[in-house]
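# Examining the three-dimensional arrangement
Listed here are the chains, written in short residue letters.
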Amino acid sequence: NIDEKETVKFRSKRYSYGFVMNNPYDVIENNKLYGINSAILSDFSTISNVEISYSKYDSYKDLVSAFNKNEIDFYFNVSKLNDYKLDTYNTIKILNSSGYIISHLESNNVINSITSLKNQKILTVKDTLVSKYLTDNKIDIVEYNNINQLLKNIKKDSIIAIGSANYDFYSKTNLKKYTKDYQFAIPNQYNYTIRDIKDNAIFSQFLDFYLSFFSIKPVINDGYSSIYNLYQENIIGLIIKVIL
């Protein structure tokens, strides 16, 4: 319900999305974004006829810093960092969120509550809502900037805390020898946080409308599929290189 002038203004701006590598939500390969958020934003872009660009950051601290500096318009918020230097608009939740405590199949750890993690060092991703849950419960943590760094540093005796979707994605690959010991709810739900400025007003309302009234479950499934297909292609390409 906007006039033609506002419509033109809304569609003439390129909206910038910032992200941290976080399978299955966001992963970049050959300068192309894949994953759940890519599928959602691509579908929204088609429906609304707007252009969305992407910028990768190494950590959530860098991502939120860029957001505060007006370098990006919005991001997928799984972070505990909320020290904003500007007004923000939060969309409705995109996905239900929970976290898993996982350990190696051959581990002798008995983990049946959050208190059973006392006097343990838990590996997790820095500045996330998962890490906040642990620190709020006074659990000692070892933090890594993103999920890729975390996976490179796990050992057989590691105890890890990650989002449920992260574990589900890696449960057949990097974490196939790790099992779910304990599940916990994350109070804050995952959504998009947008710079609340006049130029983003229609974008914010339209994105919220899209998330509220369109069926995005098939779109999310497409996001999962795009990543699985990407990794299969990479594995096949690696095998071909080895053979040659």
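Residues numbered from 1 in each chain as written. Predicted model: local features only at pLDDT ≥ 70, side-chain atom pairs only at ≥ 80, totals over all residues. Heavy atoms only, no water.

Let us now look at the sheet that holds strand β6 (residues 88-90). Taken in spatial order, the five strands line up as β4-β1-β5-β12-β6 in an open sheet, and their pairing is mixed. Edge strands, defined here as strands with exactly one partner in the open sheet, are β4 (51-57) and β6. The sheet shows a mean angle of 30° between the axes of neighbouring strands, taken without regard to direction. Sheet topology note: the β6/strand β12 (residues 191-195) ladder contains three bridges and is antiparallel. Bridge pairing in β12 places Y89 opposite I194. Strands in contact with helix α2 (residues 36-48) are β1 (14-20), β4, β5 (74-77) and β12; relative to β4, the strand with the most contacts, it is inclined by about 160°. (Pairing = 2+ DSSP bridges. Helix = DSSP H or I, 4+ residues; strand = E, 2+ residues; numbered from the N terminus. Axes fitted to C-alpha atoms, helices over the stretch in contact; angles between N-to-C directions. Contact = heavy atoms within 4.5 Å.)

Attention now goes to the packing of α2 against helix α7 (residues 201-213). Interaxial distance between α2 and α7 falls to 11 Å at its minimum, and their mutual angle equals 115°. Judged on the interaxial angle alone, α7 and α2 are roughly perpendicular. Where α2 crosses over α7, the handedness of that crossing is right-handed. When α2 is examined against α7, the residues I40, D43, F44, I47 and S48 are found in contact with a partner set consisting of F203, F206, L207, Y210 and L211. (Parallel < 35°, antiparallel > 145°, perpendicular 65-115°, else oblique. Left-handed = near helix turned anticlockwise from the far one by under 90°.)

Moving on, we come to the pattern of salt bridges. A complete count under the given rule lists eight salt bridges for this structure. The salt bridge involving D199 is made with K9; its shortest N-O contact spans 3.6 Å. Residue D199 is found in the loop between β12 and α7, and its partner K9 is found in helix α1 (residues 4-12); the two are separated by 190 residues along the sequence. D199 sits in the partly exposed class, given a relative accessible area of 41%. One salt bridge connects D73 with R195, and the closest N-O pair in it is separated by 2.7 Å. Residue D73 is found in the loop between α3 (60-68) and β5, and its partner R195 is found in strand β12; the two are separated by 122 residues along the sequence. Since its relative accessible area comes to 2%, D73 is described here as buried. (Salt bridge = Lys/Arg side-chain N within 4 Å of Asp/Glu carboxyl O. Buried < 20%, exposed > 50% of the residue type's maximum accessible area, 1.4 Å probe, protein only.)

You can see N166 is positioned in helix α6 (residues 164-170). The exposure class of N166 is buried, given its relative accessible area of 9%. Among the polar contacts listed, one links the side chain of N166 to the side chain of N22, at a separation of 2.8 Å. Not counting residues up to four positions away in its chain, the partners in contact with N166 are N22, N23, P24, Y25 and I147. (Polar contact = N/O pair within 3.5 Å; in protein donor to acceptor, adjacent residues only side chain to side chain.)

What follows covers empty space enclosed by the protein. By the definition in use, this model includes two cavities of 30 Å³ or more. Computed from the structure, the largest cavity encloses a volume of approximately 170 Å³. Considering the residues around the largest cavity, the lining is formed by 19 residues, among which N22, V125, T128, G163 and N166 are closest to the centre. No other element matches strand β10 (residues 159-163), which puts three residues into the lining of the largest cavity. Looking at the lining of the largest cavity residue by residue, the classes come out as twelve nonpolar, seven polar and no charged. In this model, the second largest cavity occupies a volume close to 50 Å³. (1 Å grid on protein atoms, 1.4 Å probe; cavity = no way out; pocket = protein on both sides within 12 Å on 5 of 7 lines; lining within 4 Å. Points joined across faces, edges and corners; volume = space filled by probe spheres on them. Nonpolar A, V, L, I, M, F, W, Y, C, P; charged D, E, K, R; others polar.)

Right, let's talk about the sheet that holds strand β8 (residues 122-125) for a bit. If you walk across this open sheet you meet the five strands as β9-β8-β10-β7-β11, and the pairing is mixed. Sheet topology places β9 (141-144) and β11 (178-185) at the edges, where each strand pairs with a single neighbour. When strand polarity is set aside, the average angle formed by the axes of neighbouring strands in this sheet is 30°. Those strands touched by helix α4 (residues 129-136) are β7 (98-104), β8, β9, β10 and β11, and its axis lies near 140° from that of β8.

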